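Letter by letter, the chains look like this.
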Amino acid sequence: MAIAQSVLDIVLDECRRHHMETVDRIHLQVGALAAVVPEALTFCFQVVAQGTPAERAVLDIETVPVVVRCPLCGDLYEMEDRLDMCPRCGPVVSGLSLISGREMTVMSIEGRSKNEGA
Ligand SMILES: [Zn+2]
């Protein structure tokens, strides 16, 4: 629910800034480590967005991979299935730094303002 609420806050903020009256579509990027279930987020969003310009918005949720930096060679690589393996150095015991994978980003918002459409 907290994620849905923060998405809504960002969206409503953009609505005010761009004088949008209705939000049609929201494109979100969610890191694989954020453990977001798209269906659950969509459901929660519809609940918190009720009565706001975003209540009928479609959530377009894209999962972005986890990217870590190897402490030995400094390379960035995508971590799949939580295998702590660097493609170059092999298994890495500790010191991996997380570059991305936990964040939630609102990429774009599509909507209509008072003056257009209708
Ligand atoms: Zn490495």
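What counts and how
- Residues numbered from 1 in each chain as written.
- Predicted model: local features only at pLDDT ≥ 70, side-chain atom pairs only at ≥ 80, totals over all residues.
- Heavy atoms only, no water.
- Donors = N, O, S within 2.8 Å, 3.2 Å for Na, K, Ca; no water.
- Tetrahedral: all angles 85-135°; square planar, octahedral: opposite > 155°, others 65-115°.
- Helix = DSSP H or I, 4+ residues; strand = E, 2+ residues; numbered from the N terminus.
- Pairing = 2+ DSSP bridges.
- Axes fitted to C-alpha atoms, helices over the stretch in contact; angles between N-to-C directions.

1. Digging into the coordination of the zinc ion
Then step 1. Around the zinc ion, the protein supplies C70 (SG), C73 (SG), C86 (SG) and C89 (SG) as donor atoms, at distances of 2.2 to 2.4 Å.
Then step 2. Coordination at the zinc ion is tetrahedral: its four donor atoms span angles of 106 to 113° at the metal.
Then step 3. Sequence positions of the residues that donate to the zinc ion give the spacing C-x2-C-x12-C-x2-C. Residue C70 is found in the loop between β3 (66–69) and β4 (76–79), and its partner C86 is found in strand β5 (residues 85–86); the two are separated by 16 residues along the sequence.

2. Digging into the pairing of β3
Then step 1. Note: β3 against β4, four bridges, orientation antiparallel. Paired with V68 across the two strands is Y77, which belongs to β4.
Then step 2. Following β3, the chain reverses through six residues before pairing antiparallel with β4; G74 in that reversal takes a positive phi of roughly 80°.
Then step 3. Pairing geometry for β3 and strand β7 (residues 97–100), over three bridges, is antiparallel. Across the sheet, the residue bridging to R69 is S97, located in β7.

3. Describing the sheet that holds β7
Then step 1. On the basis of which strands lie adjacent, the open sheet formed by three strands has the order β4-β3-β7 and antiparallel pairing. At either margin of the open sheet sits one strand with a lone partner, and together these are β4 and β7. The sheet shows a mean angle of 40° between the axes of neighbouring strands, direction not considered.

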